Amino acid sequence: MESSIFRYILKHTKRDQVIILLLTVASLPFMYATLEVPKKIINDAIGGANIPDQILGFPMEQITYLVVLCVVFLVLVIINGVMKYILNVYRGVVGERMLRRLRFELFGQMLRFPLPHYKKISQGEMLPILISETEPIGGFVGEAFALPAFQGGMLLTYIFFIFNQSIWLGLLATALYPFQFWLIPKLQAVVNRLAKERVLTVRKLGDRLSDSINGMQEIHANNTARYERAVISSWLGTIFRIRYDIYKRKFFIKFLNNFLAQVTPFFFYLVGGYYVINGQLSLGALVTAIAAFKELNDPWKELLTYYQTREDVRIKYEQIIEQFHPNGMLDTELQEAPTAPLRFGKESWHASNLGYAEHAGYQLLERLNFRLPMNQSIAIVGNASSGKDELARLLARLYWPTQGKLTLGEADIRQLPQSTLGHQLGYVSDSAHIFSGSLRNNLFYGLFSAARAYAEEQQWQVKQAQLSGNAEDDPGQDWTDLDRLGIENEHQLHAKLVDVLELVDLKQDVLQLGLFGKLAEEDPALSEQIVSARHVLRQRLQEDDYQGLVEVFDERIYNENLNVIENLMFGIVANNQWSYEELAARQGLQDFLREQELFRPFVKIGIEITSTMVDLFSDMEENADLFERFSFIQFDELPEYRAMLSRIRDTDNLESLGSETVAKLLALTFQLSVARHRLGLVDKSLQGRILYARQHFATRMKRIGIEFYPFDPEAYNIGLSVQDNLLFGRTAFGQARAQSRIGTLMREVVDSEGLEGSLLEIGLDFHVGTAGSRLSVTQRQKTAIARALLKQPDILIFNQATSGLDPSAEVRLIDRILASYHETTQVWVLNRADLASRMDQVLVMERGQLVDQGSYEEVSREGSTFSQLSG
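Residues numbered from 1 in each chain as written. Predicted model: local features only at pLDDT ≥ 70, side-chain atom pairs only at ≥ 80, totals over all residues. Heavy atoms only, no water.

Student: Could you clarify how one ought to interpret the pairing of strand β6 (residues 403–408) in this entry?
Tutor: Looking along a regular strand, one sees side chains alternate from face to face of the sheet. One ladder, built from five bridges, connects strand β3 (residues 347–358) with β6; its direction is antiparallel. Bridge pairing in β6 links His350 to Thr407. Two elements, β6 and strand β7 (residues 411–412), share two bridges in a ladder whose sense is antiparallel. Pairing of Thr407 across the sheet is with Asp412, part of β7. Hairpin connection from β6 to β7: two residues lie between these consecutive antiparallel strands, with Gly409 at a positive phi of about 65 degrees. (Pairing = 2+ DSSP bridges. Helix = DSSP H or I, 4+ residues; strand = E, 2+ residues; numbered from the N terminus.)

Student: Looking at this structure, I do not really get the environment of Phe240. What am I missing?
Tutor: In this fold, Phe240 is placed in helix α9 (residues 225–277). A residue is classified by how much of its surface remains accessible, and Phe240, at 58% relative accessible area, is exposed. Spatially, the C-alpha atoms of Phe240 and Arg198 are 9.2 Å apart, while their sequence positions differ by 42 residues. (Buried < 20%, exposed > 50% of the residue type's maximum accessible area, 1.4 Å probe, protein only.)

Student: Help me understand helix α28 (residues 684–704) in this model?
Tutor: Taking 1.5 Å per residue as the helical rise, α28 with its 21 residues ought to reach 30 Å, and the 29 Å between its terminal C-alpha atoms agrees with that figure. The sharpest bend along α28 measures roughly 50 degrees and falls at Phe697. When we look at burial in α28, the residues that qualify are Leu686, Gln687, Ile690, Leu691, Ala693, Arg694, Phe697, Arg700 and Met701. At its buried positions, α28 is contacted by α20 (564–569), α22 (587–595), α23 (599–617), α27 (674–677) and β11 (708–710). With its phi angle positive at about 85 degrees, Gly705 sits one or two positions after the end of α28. (Expected span 1.5 Å × (residues − 1). Bend = angle between axes of the 7 residues up to and from the residue. Contact = heavy atoms within 4.5 Å.)

Student: For this particular structure, what's the right way to read the nonpolar core?
Tutor: One broad rule of soluble globular proteins: the nonpolar side chains tend to lie buried together. Leu726, Ile785, Leu789, Phe798, Ile817 and Leu830 are the most contacted members of the largest nonpolar core, which has 78 residues in total. Other than its neighbours up to four places away in sequence, Leu830 contacts Ala379, Ile380, Val381, Lys388, Ile814, Leu835, Ala836 and Met839. One finds Val564, Met569, Phe617 and Ala693 within the second-largest nonpolar core, a separate group that totals 46 residues. (Core = buried A, V, L, I, M, F, W, Y, C linked by side-chain atoms within 4.5 Å.)

Encoded structure:
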């Protein structure tokens, strides 16, 4: 990338800048004419002097001439407005294209960063640079050359006009400019230095905030919130001091300009008036000269603002470029080169005096020499600081050797294209990243190499991508490369996926996610199949082993495992469109509760719940299990509810309560479940009244705009999960091992009714959350391993990839992969040295050196380093 912002702009927008400049120059004569015509209107048409006899053959009188000049002036105003509109839109488009290009190129730079560089930077630093700090640059691009040309042209036009009226007035108008040209750059230089300091400080603050967010668990565990507030307060104070200094200098510059702009009219009135009185200058010329000077101030301010903006943008751009050019970046050709075939002999890797250093030459690996065979399993063992992790990353070229040579097959690993390594190697670490999105996309992520073009009807997007130097590929299509796997269709891919899920023990997890999921769209055939399975499950639930485990939905019975509002509507709110409090605030619903004589008991129950929650949980820790399970109120809301409770004096005069208080109290009641909360507030009598009101609820709610999905034993409810649809009820709270026993029964019904394939599809569409946060640690590890296996690479590297599993599950998974991929070269970096007994070769690392290599029997001899690790 160019080191200068102006070279960067010219490199990519030279043609656009020329067009903008030509349009700017073309607009100047019209601008001058808008100054000249008013003068003629005042002096000639209104003053009655120099009226032509005719124009274009039409006779002219004073009134006719006035009308003609006014129409000409109106036409000029329209032309000026249209040209300004075209210029502004064109500048905006050019600026946005350049901003899009810059962000795209910066992201491309990030993709080429050496991975160790990410140890020195954080999201808190990089994201503001890529998103917010680039924003002013995009706005500047469109006006980088056009604005000074346009505003400078306007300035010169006005000055020329004033000089044309009187040389002395022209000299007065420009007399103070030299002083401003001398002083303002000196003041601006100080502002620039402070602006640079501010940018760096804000980045450090972002880094510190990101660090605090990631360490929130430790902050709570160690009670260091006050210390953290003090640290952030200190950073905020530093930023305040810098901005305070900037404001003092920046607004002094504005004050100076405004003051000088107001001083000059004094001389205009004095000198210009003198010339008018003496008949040396017409009144129209003086009036238009004063008007021109007033207009002169606007382009002058714009030019000063442009100068400040230019310096600010220049500093930002230079800092960004510096930040995005670390040492050791991946060569562009290696990143973009097509896949090249790898030739393997008997060896996979061959290392000669291999070394790796970080942090100013600190040597992590020294003089490693080894040859690793093809199609064998290789274990790398050692303690945490032995260098085994760094060696695994070198083998995958995630780290680059800093000395010696490492070959993969017959090629120097430094010269291999990224695409070749991506195809030939599968790498999984203990901290493998899971991307936000569906589980399916994460599993197939390693196969996203079949780039897809935009469709014909989307060529506008392609054109804009080309003009912005962006990728012309369509990410909305399926990028899964079936050819790479040697398969022909989605059915074969799905079969392979199921095999891999079974291999890594993830299939049952995906089925469970499918049960917890909802149908993304209406599917009549699947809905009917689920309802049919519901009836089979209902019959099984009548068996003695399952009696009482599920309380089914029955319109005639109050379901104690549903909450109050679900019982009242005998259904579920559509698409979660209302929170409990929003629902309770609906006046139509409150009126319905009053008609059914439920309003007062519901509000009183809300008061009782508030009192109970405040008394019970005020002294409890935020993350306490009891609080999570039974509290209706968020921890940080407790003070608000305590204050609300203190304001409720008379529980008999409920109509005096404010609407917000009523909504909060009703919302608490709506969430109350008899079986789960066991507060004894919804007795049999009240349950009967709720059942009576249920009969009228549906009709009334449609009129007031509350959409809900009613429970129907013969229909699929799209507001419920698949599991709740199958059960058509809720698992009874408090029954021993109810979830486990019901889960086993449901799996049997799913298998017998042929629902497994559909549930897998729903489970694969499960949104895993940010960084896979909605998956367990074990599920994230298994997902990453499955992702690598699905690629079918020639080489698999598992860098402590099974460390998150329990010992028995870890052994089972390793044995399965070794057996299923016995013809694939496998490298296992192990935390438990005893697991190396399953491997063909063992490398033993200690303090960055390879101290032993051979078969398990050879390295496990008595007194060896390996024997100490496994002992």
